[in-house]
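# A look at the structure
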Amino acid sequence: MRHLVIGTSFLQEPSWRIMVDEALSSLAEGNEVFFAYCDGACRVCCNNPLGSRLACLVCRFYQRRYLKKLLPGVKLLPLKHQGRGVVAQFQYNSLSDIKGIDYHGINIGYGVLSSYISWTRELIEVFTARKRAYMDFLLSEAVRMADLAAATVESVNPDCLSLYNGRMLEARPFLDLARIGSIEMRSNEIVLVQGLSGEQIYRRIVYPNCLPHDVDENERIAECLWAQEGVGLNEKRRVARQFYEKRRGGVPAGDAWNPGQQRTFIQGQKTGQMPEDWNPKKKNIAIFNSSEDEYSSIDPKFDSFSLFRSQLEGVSKICELLANRPDYHVYLRVHPNLGKLKFTYHTDLYELPKRYSNLTVLPATSNHSTYDLMQAADKVVVFGSTMGAEAAYWGKSVILLGASLYYRLGFCHTPRTEGELLQDLTGPSFACPQNENILKYGYYLVSREAYSTPTKFLTVAFRKIRFLRKIYWVPTYPRILWSWMATKAVRSKTINYILESIGISRMPVRLYHD
């Protein structure tokens, strides 16, 4: 089998080691392995959004050095920068327009937005001249990568193609080329299996022919974990219940997306404190929004699960549907993760009560208890956050209005029209706390590592370093100049921005800051 592995930036950890291990594992199985890596092809990448010349130079130097050392027997394919190229000229006036941009059958719009939003958390509403110029620059880089990706795939003619995640600007073209050519595709991701000690250890999980956020694939994994032998059913139920109880108690629950997280979003909230206008005689609807930027540019399939174009639009429509029902009141609990953001998809939420008298907004920084509000509400509305599963576990009727990894598990109502939404809001309760799929999802979140595999040839680990009262996580291997400080410095976006400010950059990064 001819296996094409797409490498990531040397500065991007732990994904760099994951992809090297993927190539070595395939080689050990007797496959003919090709490893394509960036040798200056793209002027920006997910770990160098500021286009630092120094970061790019260091990355290229260490790529060559370590890949030759670690991948004997693997055919290395450097992707080099092909001149200045032509600035892409695409017509767009919104994020939706950008999502629809194709280049020779390759969707480059989603990759560009995934990169931009990951770097800035901004969902652009108005394209100023500078933002448009910067977006044109990113689209030009995406065109360059699409051409290089097409040439690479054509020359290798692989039977299988592996990449990391697949959402970002530099990797997205390979994802679409695999789909177009009906090539088996392996999307690699990481699972953090140990994170509370002095060392973080990762394992690898592979999503076949889809992105890691694919709703159907995640449902399949949840079902597989629940049916997996070796752990008794009662133990699985106990683990799942413990997850939900820890979350409500403000204790790190150890979910496999981030088991090392030592803080929770309800820290600082006070129990027993309801909003001042709370009226228990009314039918109270609690809406828990989520960080919209995190899931705004996955792929068209993911977007198709959403009833509304934005959460702001969804909250507004709920208020409108209940405007003539004085016995109903709506409470919006803004996600604490949005607290420091000044973008309009967050700040416009606080303007809604001026238009809708039946709405109360609890700010992201509010100390009102999220779980007290959830428990007291008659029904709960979510756009995809884990709060939907938690509310269902605690016996609430939950309405899900967006894509979620538990969308297919059936313990939430998923209206597809505004009429169905109104019926769910005003109809009888449909709580289903005995639905075992709720436990399946909780077990999946804390046991996903059981579906993953350890790396075979490279240990993927980070070590905790304390320096000047701060904690840094640095790769155990390889390191730049054998120094954790040099490794951390070159990977630092702050230092790269300083270098850019004195002109050591490969891109017009000042457009990035409007």
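Residues numbered from 1 in each chain as written. Predicted model: local features only at pLDDT ≥ 70, side-chain atom pairs only at ≥ 80, totals over all residues. Heavy atoms only, no water.

### Digging into the overall build of the protein
Across its full length, the protein holds 17 helices and 15 strands. For the protein, with 514 residues in total, the buried portion stands at 57%. Considering only residue pairs separated by 6 or more positions, the protein has 73% of its internal contacts joining residues 24 or more positions apart. Total accessible area computed for the protein in this model is approximately 22200 Å², and 51% of it derives from carbon and sulfur atoms. (Helix = DSSP H or I, 4+ residues; strand = E, 2+ residues; numbered from the N terminus. Buried < 20%, exposed > 50% of the residue type's maximum accessible area, 1.4 Å probe, protein only. Contact = heavy atoms within 4.5 Å. Areas by Shrake-Rupley, 256 points an atom, 1.4 Å probe, with all protein chains shown as cover.)

### Considering the pattern of salt bridges
Enumeration according to the criterion identifies 28 salt bridges in this entry. A salt bridge links aspartate 327 to arginine 325; the nearest nitrogen and oxygen atoms lie 3.5 Å apart. For aspartate 327, a relative accessible area of 34% corresponds to the partly exposed category. (Salt bridge = Lys/Arg side-chain N within 4 Å of Asp/Glu carboxyl O.)

### Observations concerning the sheet that holds strand E9 (residues 283-288)
The pairing of strands in a sheet comes from backbone hydrogen bonds and takes either a parallel or an antiparallel form. One open sheet accounts for five strands, arranged E11-E10-E9-E12-E13; its pairing is parallel. This sheet does not close on itself; its edge strands, each paired only once, are strand E11 (359-362) and strand E13 (397-400). Across the sheet, the mean angle from the axis of one strand to that of its neighbour is 20°, orientation sign disregarded. Strands E9, strand E10 (328-333), strand E12 (379-382) and E13 of the sheet are contacted by helix H14 (residues 418-426), whose axis makes an angle of about 145° with E12. (Pairing = 2+ DSSP bridges. Axes fitted to C-alpha atoms, helices over the stretch in contact; angles between N-to-C directions.)

### Topic: a nonpolar patch on the surface
Together, Phe467, Leu468 and Met485 line one region of the surface with nonpolar side chains, adding up to about 310 Å² of accessible area. With respect to the helices, strands and loops of the structure, phenylalanine 467 is situated in strand E14 (residues 461-467). A residue is classified by how much of its surface remains accessible, and phenylalanine 467, at 32% relative accessible area, is partly exposed. (Patch = residues over 30% accessible without salt bridge, like charges linked within 9 Å, V, L, I, M, F, W, Y side chains within 5 Å.)

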